[in-house]
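Observations on chain architecture
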Amino acid sequence: MITLGIEGTAHTLGVGIVDDECNVLANELDMFRPKEGGLHPREAANHHSDVVSTIIRSAVDKAGISLSDVGLVSFSMGPGLGPCLRVAGTAARALACSLGVPIVGVNHCVAHVEIGRAQCGCDDPALLYASGGNTQVIAFAEGRYRIFGETQDIGVGNMLDKLGRELGMGFYAGPVFEKLAKEGDRYYELPYSVKGMDVAFSGLMTAAVALQKKGVPLEDIALSVQETAFAMLTEVTERAMAHIGKDEVLLGGGVAQNNRLRDMVADMAHARGAEMYVPDRRFCMDNGAMIAWLGAEMYNSGVRMDVSETAVRQRFRTDEVEVTWRS
Ligand code: ATP
Ligand code: FE2
């Protein structure tokens, strides 16, 4: 069966096409980049409705199939920004109804885990999901993906983007931090906030802005922010792995593209005799292939949804999903 999945939780509208072995036939996307300021949900949603049919068409062309070959449509039901979710949901319903095929709404965070497992060939990892809107440590326990630790304020990517804007780095600052940090040579201590398995970033942000006012070079601020924030993430990931006895760790989310974070988690895994996995860049960021793949897994394990059950859920929690496709 061929599954077409539509992602639209935040700034990315993605369309992926997969088969039942998780061969990715297409994974097209278009990201909304605000001209100034942060992400406005309504503007992002307008972007998504402008591009969605073009992206569906180009995914189908890339895959070398025709729309009539699609046997299942899936979409990101949540969590995410309401207006964006509704565009993806409406497009998915329209497509499924016009093709006369079933529809499945999926949890975006669970999709990050499942594409990572399938692409990396790991079996039962703890996932460090570090993206713009989300920062969680997730692992499978007693039939569900459970959140063992998470941010108490904002996602690590949003922290980098917000801070970057204040420091004058422009929007989508994650990659800029990475580049600047490589040129930094002095570490300044910043608030390190780990409570149990949770993290928080607001103190670190305030302190980083104060460093700039004191005239500390941007390169050193970037280095200090990365070292502190990523050490926090690595610590809670390690604690979760020890607590639940997992010897695999998987990285996911846009921030997982950062090589310094990868190195820190790899060192931690190595020291524990565990294995680290990172999916290819295009599967780390928000994408349609992961939505298609989780939809296929759910459908093939017997999940069925009526169109009336596909309303979007802005606060859809990872542990609300009953995992029917794993034993
Ligand atoms: P989600 O909806 O899952 O919360 P998202 O909409 O924020 O995700 P992603 O593509 O998963 O989208 O992640 C984007 C985030 O990743 C942005 O905050 C961006 O700054 C950050 N990012 C991208 N590349 C890097 C990098 N090299 N280093 C650090 N952060 C990065
Ligand atoms: Fe995501």
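Structure: see above.
The structure contained in this document is the topic of the report that follows.

What follows covers the coordination of the iron ion (ligand 2). Within the first shell, the iron ion (ligand 2) binds the protein through His108 (NE2), His112 (NE2), Tyr129 (OH) and Asp286 (OD), at distances of 2.1 to 2.5 Å. Between consecutive donors of the iron ion (ligand 2), the numbers of intervening residues give the motif H-x3-H-x16-Y-x156-D. Within this pair, whereas His112 is found in helix α3 (residues 108-120), its partner Tyr129 is found in strand β6 (residues 126-130), the two being separated by 17 residues in sequence.

Taken together, 23 residues form the shell around ligand 1, and within it Tyr129, Ser131, Gly133, Asp161 and Glu178 come nearest. Within the side chain of Tyr129, one N or O atom sits 2.3 Å away from an oxygen atom of ligand 1. Within the side chain of Asp286, an N or O atom sits 3.0 Å from an oxygen atom of ligand 1. Coverage of ligand 1 by the protein chains reaches 96% of its 640 Å² of free accessible surface. In this structure the site holding ligand 1 corresponds to the largest pocket.

With that settled, consider empty space enclosed by the protein. Applying the stated rule across the entire model yields 1 cavity of 30 Å³ or more. Approximately 40 Å³ is the volume attributed to the largest cavity. Lining the largest cavity we find Leu128, Thr135, Gln136, Val137, Gly149, Glu150, Thr151, Met197, Asp198, Val199, Leu233 and Val236. Put simply, the parts of the chain that give the lining of the largest cavity at least two residues each are β7 (135-141), β8 (144-150), β10 (198-199) and α7 (218-244). Ranked by residues supplied to the lining of the largest cavity, first place goes to β7 with 3 residues.

Pairing between the strands of a sheet comes from backbone hydrogen bonds, and it takes one of two forms, parallel or antiparallel. Here we have 5 strands laid out as an open sheet, ordered β3-β2-β1-β4-β5, and mixed in their pairing. Among the strands making up the open sheet, the edge pair consists of β3 (24-31) and β5 (103-107). Geometrically, the sheet is characterised by an average inter-axis angle of 20° between neighbouring strands, direction not taken into account. Pairing geometry for strand β2 (residues 12-18) and β3, over 7 bridges, is antiparallel.

In this model, the largest pocket occupies a volume close to 1,300 Å³. Lining the largest pocket are 49 residues, with Ser131, Gly132, Gly133, Asn134 and Asn158 sitting closest to its centre. Every element with two or more residues in the lining of the largest pocket is listed here: α3, β7, β8, α4 (156-166) and α5 (174-183). If you tally residues by element for the lining of the largest pocket, the top one is α4, at 6 residues.

By the secondary structure assignment, Gln152 is in the loop between β8 and α4. Since its relative accessible area comes to 46%, Gln152 is described here as partly exposed. Non-local contacts of Gln152, meaning those with residues more than four positions away in its chain, are made with Lys195, Asp198, Val199 and Ala200. A distance of 3.4 Å separates a polar atom in the side chain of Gln152 from a polar atom in the side chain of Asp198.

Each α-helix winds once per 3.6 residues, and so residues spaced three or four apart point in a common direction. For helix α8 (residues 259-272), spanning 14 residues, the distance from its first C-alpha to its last is 20 Å, which sits close to the expected 20 Å at 1.5 Å a residue. Buried within α8 we find Leu261, Met264, Val265, Met268 and Ala269. The buried residues of α8 all sit within an arc of 135° when viewed along its axis, so they share a single face. Within α8, the exposed residues directed more than 90 degrees away from the buried face are Asp267, His270 and Ala271.

Attention now goes to the sheet that holds β6. Taken together, the 5 strands give an open sheet; going across it, the order is β8-β7-β6-β11-β12, and neighbouring strands pair in mixed fashion. At either end of the open sheet lies a strand with only one pairing partner, and these are β8 and β12 (275-277). Each adjacent strand pair in this sheet contributes to an overall mean axis angle of 25°, direction not counted. As defined by bridge partners, strand β11 (residues 248-252) adjoins β12 across 3 bridges and the pair is classed as parallel. Bridged to Glu248 within β12 is Glu275. Along the sheet face, α7 touches β6, β7, β8 and β11 and points at about 10° away from the line of β7.

Basis of the calculations
Residues numbered from 1 in each chain as written. Chains lettered and ligands numbered in written order. Predicted model: local features only at pLDDT ≥ 70, side-chain atom pairs only at ≥ 80, totals over all residues. Heavy atoms only, no water. Donors = N, O, S within 2.8 Å, 3.2 Å for Na, K, Ca; no water. Helix = DSSP H or I, 4+ residues; strand = E, 2+ residues; numbered from the N terminus. Near = heavy atom within 4 Å. Polar contact = N/O pair within 3.5 Å; in protein donor to acceptor, adjacent residues only side chain to side chain. Areas by Shrake-Rupley, 256 points an atom, 1.4 Å probe, with all protein chains shown as cover. 1 Å grid on protein atoms, 1.4 Å probe; cavity = no way out; pocket = protein on both sides within 12 Å on 5 of 7 lines; lining within 4 Å. Sits in = over half its atoms within 2 Å of the grid points. Points joined across faces, edges and corners; volume = space filled by probe spheres on them. Pairing = 2+ DSSP bridges. Axes fitted to C-alpha atoms, helices over the stretch in contact; angles between N-to-C directions. Buried < 20%, exposed > 50% of the residue type's maximum accessible area, 1.4 Å probe, protein only. Contact = heavy atoms within 4.5 Å. Expected span 1.5 Å × (residues − 1). Arc of directions from axis to C-beta.

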